[in-house]
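The lines below spell out each chain.
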Amino acid sequence: MYYFDPHIHMVSRTTDDYETLAKMGCVGMSEPAFWAGFDRGSAESFADYFRQLTQFEPTRAAQYRVQHYTWLCINAKEAEDVKLSREVLSLIPEFLDKPGVLGIGEIGLNKNTKNEATVFLDHLELAASLQQQILIHTPHLEDKFQGTKMILDMLCDDQRLDHHRVLVDHVEEHTIRDVLENGFWAGMTLYPVSKCTPARAADMVELYGPERLMVNSAGDWGPSKPTAVPDFILEMRRRGHPESLIRKIVYENPLEFFRQSKGFDFTPPEIVLPAEIKNES
Amino acid sequence: MDVSPNAPRMMPAEAVLDREYLEIRAKLLEVAASFDRLERGDGSVDSDPRMQQFRDAMQMILNSTGNRAEQLQLIFSRSYAADWRRTFQLSSP
């Protein structure tokens, strides 16, 4: 089955991972900007990172016929530094028209502080003023419930935002209902210990249905599994769910959401491009 | 337990039990062994608030019907205060 991983940090993965993902049916992915595992010292570091996301990673992915898309922001953890965050935010507009850029993300909260909320609101301002889609990071573990509620408060307060153009990621059992009932898309992250397992993600599909729901691996530099989406596919099959339902969650839903971004120029894998026909003849 | 009208059909309970019996048994065994390990360790963590969270979680699993995963998540979550904006002195756009 073809699938699309809507949230994976390939800058942290090897080229072998691209090959493995392609062999397992991954035909597309979106990579939000995130924390590198250490705090960067200047806005220039982010400019280099944005070039990596918009130039280098799509090229590396294309070698395995994986179509790579990206989102830009300063992540919640480094957003504690408001001055640096505002310098980084000023860099983003020049990258938004690059091919494959889908919008602003992954923005959100980490420890639910005032500074994080301030920078989150700055990102919403940028997204609303430039009509960008938004991808949201929700906090981990004990901070998730409180932080997700605060994020939804800020999103719902802003009357300019179209909720169908916002993906709230890392939902779990105690946050998914609020996200879906407010009209947002929801992402379930399959990640060891701190987020969700394939079985629990399948449970949430069985409780809430497949509408506006996606699964992702969030594969990154930490303990994580970039092939987690195929694990979810297998779990759903073992429970006897139809292929059409699984395909909707792992392929059709991501495409439906991403197609709302003008930067999403996806070629379905079934379509053979003219250049390829020419090469084969 | 509330299930969305759009939710797909589930496996029969008997089939779920057949499939997951050994898995659930193994998970319970891991929890039991973890508590033994905590007890064998030097000192005591009985008064640590995290131990109370574990006790609350196990009571809830035994006593509740439905939405156990959601309730367990809430036991391990910080509470939400709706007036957080006022605390932070942040205004809406």
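Please refer to the structure higher up on the page.
Residues numbered from 1 in each chain as written. Chains lettered and ligands numbered in written order. Predicted model: local features only at pLDDT ≥ 70, side-chain atom pairs only at ≥ 80, totals over all residues. Heavy atoms only, no water.

Caption draft 1: Spatial organisation of the overall build of chain B. Looking only at helices and strands, chain B features four helices and zero strands. Computed over its C-alpha atoms, the radius of gyration of chain B comes to 19 Å, more than 25% above the 12 Å expected for a compact globule of 93 residues. When the backbone C-alpha atoms are referred to their principal axes, chain B occupies close to 55 × 50 × 20 Å. In chain B, buried positions account for 18% of the 93 residues. Total accessible area computed for chain B in this model is approximately 7500 Å², and 55% of it derives from carbon and sulfur atoms. Charge centroids of chain B, computed over 12 positive and 14 negative side chains, lie 5 Å from each other. (Helix = DSSP H or I, 4+ residues; strand = E, 2+ residues; numbered from the N terminus. Rg over C-alpha atoms; globule rule 2.2 N^0.38 Å. Buried < 20%, exposed > 50% of the residue type's maximum accessible area, 1.4 Å probe, protein only. Areas by Shrake-Rupley, 256 points an atom, 1.4 Å probe, with all protein chains shown as cover. Lys, Arg positive; Asp, Glu negative; His and termini not counted. Charge placed at Lys NZ, Arg CZ, Asp CG, Glu CD.)

Caption draft 2: Geometry of the pairing of strand β2 (residues 26-32) of chain A. Residues and elements named next belong to chain A. The buried count for β2 comes to seven of seven residues, which makes it a mostly enclosed element. Sheet analysis places strand β1 (residues 3-5) next to β2, joined by three bridges and oriented parallel. What sits directly across from phenylalanine 4, in β2, is glycine 28. You can see the chain leave β1, run along helix α1 (residues 15-23) and come back into β2, and the turn it takes is right-handed. Looking at chain direction, β2 and strand β3 (residues 67-72) are connected through five bridges and run parallel. By the bridge assignment, glycine 28 is partnered in β3 with glutamine 67. Following the backbone out of β2, through helix α2 (residues 43-62) and into the adjacent parallel β3, one traces a crossover that is right-handed. (Pairing = 2+ DSSP bridges. Right-handed = clockwise from strand over helix to strand, strands pointing away.)

Caption draft 3: Main features of the nonpolar core. One finds Phe50, Leu124, Ile136, Leu155, Val215, Phe232 and Val250 of chain A to be the most contacted residues of the largest nonpolar core, which totals 95 residues. With residues up to four places along the chain from it excluded, the contact list for valine 250 of chain A reads Met1, Tyr2, Tyr3, Phe4, Val215, Val229, Phe232 and Ile233 of chain A. (Core = buried A, V, L, I, M, F, W, Y, C linked by side-chain atoms within 4.5 Å. Contact = heavy atoms within 4.5 Å.)

Caption draft 4: Focus on the packing of aromatic side chains. Residues and elements named next belong to chain A. Scanning the entire structure with this criterion turns up 20 aromatic pairs over all chains. The interplanar angle of 65 degrees and the centroid separation of 6.3 Å between the aromatic rings of tyrosine 251 and phenylalanine 266 together place this pair among those described as edge-to-face. Taken as a pair, tyrosine 251 in helix α10 (residues 243-258) and phenylalanine 266 in the loop between α10 and α11 (274-280) lie far apart in primary sequence, 15 residues in all. Ring pairing ties together the aromatic residues Tyr2, Phe4, Tyr69, Trp71, Trp185, Tyr251, Phe257, Phe258, Phe264 and Phe266, which thus form one cluster. (Phe/Tyr/Trp six-rings, centres within 6.5 Å; stacked < 30°, edge-to-face > 60°.)

Caption draft 5: The sheet that holds β2 of chain A, seen in detail. Residues and elements named next belong to chain A. Across the sheet, which stays open at both edges, the eight strands sit in the order β1-β2-β3-β4-β5-β6-β7-β8 with parallel pairing between neighbours. Each of the sheet's edge strands pairs with one partner strand only, and the pair in question is β1 and β8 (213-216). Direction aside, neighbouring strands of the sheet carry axes that sit 25 degrees apart on average. Those strands touched by α1 are β1, β2 and β3, and its axis lies near 130 degrees from that of β2. Seen against the sheet, α2 touches β2, β3 and β4 (101-108) and runs at an angle of roughly 170 degrees to β3. (Axes fitted to C-alpha atoms, helices over the stretch in contact; angles between N-to-C directions.)

Caption draft 6: The arrangement of the interface of chain B and chain A in detail. Each partner contributes residues to the interface: chain B has 29 residues there, and chain A has 34 residues. A combined buried area of about 2800 Å² lies between chain B and chain A, and 57% of that area is made up of carbon and sulfur atoms. Three residues, Arg19, Arg78 and Tyr80 of chain B, lead the burial of chain B against chain A; their summed loss comes to 22% of the area buried on that side. Counting across the interface, chain B meets chain A through five salt bridges. Among the ionic pairs, arginine 78 of chain B bridges to glutamate 142 of chain A, the shortest N-O distance being 3.5 Å. Joining chain B to chain A, the criterion identifies 13 residue pairs in polar contact (both at pLDDT 80 or more). Elements with a contribution of two residues or more to the side of chain B that touches chain A: α3 (68-75) and α4 (84-88) of chain B. Here the side of chain B that touches chain A gets four residues from one element, more than from any other, and that element is α3 of chain B. Residues of the side of chain B that touches chain A, tallied by class, amount to 14 nonpolar, nine polar and six charged. (Buried area = accessible area lost by both parts, 1.4 Å probe. Salt bridge = Lys/Arg side-chain N within 4 Å of Asp/Glu carboxyl O. Polar contact = N/O pair within 3.5 Å; in protein donor to acceptor, adjacent residues only side chain to side chain. Nonpolar A, V, L, I, M, F, W, Y, C, P; charged D, E, K, R; others polar.)

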